[in-house]
Amino acid sequence: MSELSRPGARAAKSREIRLAEYDAQIAESQRQSRRHSLFAVLGLSPAALLPILGLGMDFGPEIAVVASVFVTGIESWRAVQARADQREAEEGRRRLLHDAEGREP
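Only a predicted model underlies this, so the values are computations on that prediction, with no experimental measurement involved.

What counts and what doesn't
Residues numbered from 1 in each chain as written. Predicted model: local features only at pLDDT ≥ 70, side-chain atom pairs only at ≥ 80, totals over all residues. Heavy atoms only, no water. Helix = DSSP H or I, 4+ residues; strand = E, 2+ residues; numbered from the N terminus. Expected span 1.5 Å × (residues − 1). Salt bridge = Lys/Arg side-chain N within 4 Å of Asp/Glu carboxyl O. Buried < 20%, exposed > 50% of the residue type's maximum accessible area, 1.4 Å probe, protein only. Polar contact = N/O pair within 3.5 Å; in protein donor to acceptor, adjacent residues only side chain to side chain. Contact = heavy atoms within 4.5 Å. Core = buried A, V, L, I, M, F, W, Y, C linked by side-chain atoms within 4.5 Å.

**Student:** Give me helix α2 (residues 46–59): which residues, what numbers.
**Tutor:** For α2, with 14 residues, the first-to-last C-alpha span of 21 Å sits near the 20 Å given by 1.5 Å per residue. Looking at the residues trailing α2, positive phi occurs at G60, about 105 degrees.

**Student:** Any chance you could break down the pattern of salt bridges for me, citing the residues and the numbers?
**Tutor:** In the structure shown here, the tally under the stated rule is five salt bridges. The partner of K13 in a salt bridge is E16, with the nearest N and O atoms 3.7 Å apart. In this pair, K13 and E16 both sit in helix α1 (residues 9–42), three residues apart, roughly one turn of the helix. Take E16: its relative accessible area is 49%, and that puts it in the partly exposed class.

**Student:** Break down the side chain of H36 for me, with residues and values.
**Tutor:** Here H36 lies in helix α1. Residue class for H36 comes out buried when judged on its relative accessible area of 9%. Among the polar contacts listed, one links the side chain of H36 to the side chain of E75, at a separation of 2.4 Å. In this view, H36 contacts E75, R78 and A79; residues no more than four positions away in its chain are not counted.

**Student:** Kindly report on α1, identifying the contributing residues and their values.
**Tutor:** For α1, spanning 34 residues, the distance from its first C-alpha to its last is 50 Å, which sits close to the expected 50 Å at 1.5 Å a residue. Every buried residue belonging to α1 is among A9, R15, L19, I26, S29, S33, H36, F39 and A40, and all of these are buried. Within two residues after α1, G43 carries a phi angle of roughly 75 degrees, on the positive side.

**Student:** Describe in detail the nonpolar core, supporting the description with residues and values.
**Tutor:** The tendency in soluble globular proteins is for nonpolar side chains to be buried side by side. Counting residues in hydrophobic clusters, the biggest one holds five residues: A48, I52, A64, A67 and V71. Where this core is concerned, the elements lending two or more residues are α2 and α3 (61–103). Ranked by residues supplied to this core, first place goes to α3 with three residues. Ignoring sequence-local partners within four residues, the contact set of I52 consists of G43, L44, A64, A67, S68 and V71.

So this is what it looks like as structure tokens:
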């Protein structure tokens, strides 16, 4: 008799897979939040480095500072979005665990 042929075994395996997906999503959101927060504090991201340097060389350091302020704003917004994604995944994981506790005998 296969492990998945037992009553409730498929649901348990499905729940286990979904929990693993939520855990991976939470870990990824935490990583993104830390990364974007760091870029916001620095006012510079790897994607913005060359454009900011080019603007600074062509138009002066004032434009580079303005571009750095924009990077800070954008990266701050991305960090907030990553934290919201993390909270959403944590809530989904809690609901899944709560539902599993309520259904099992």
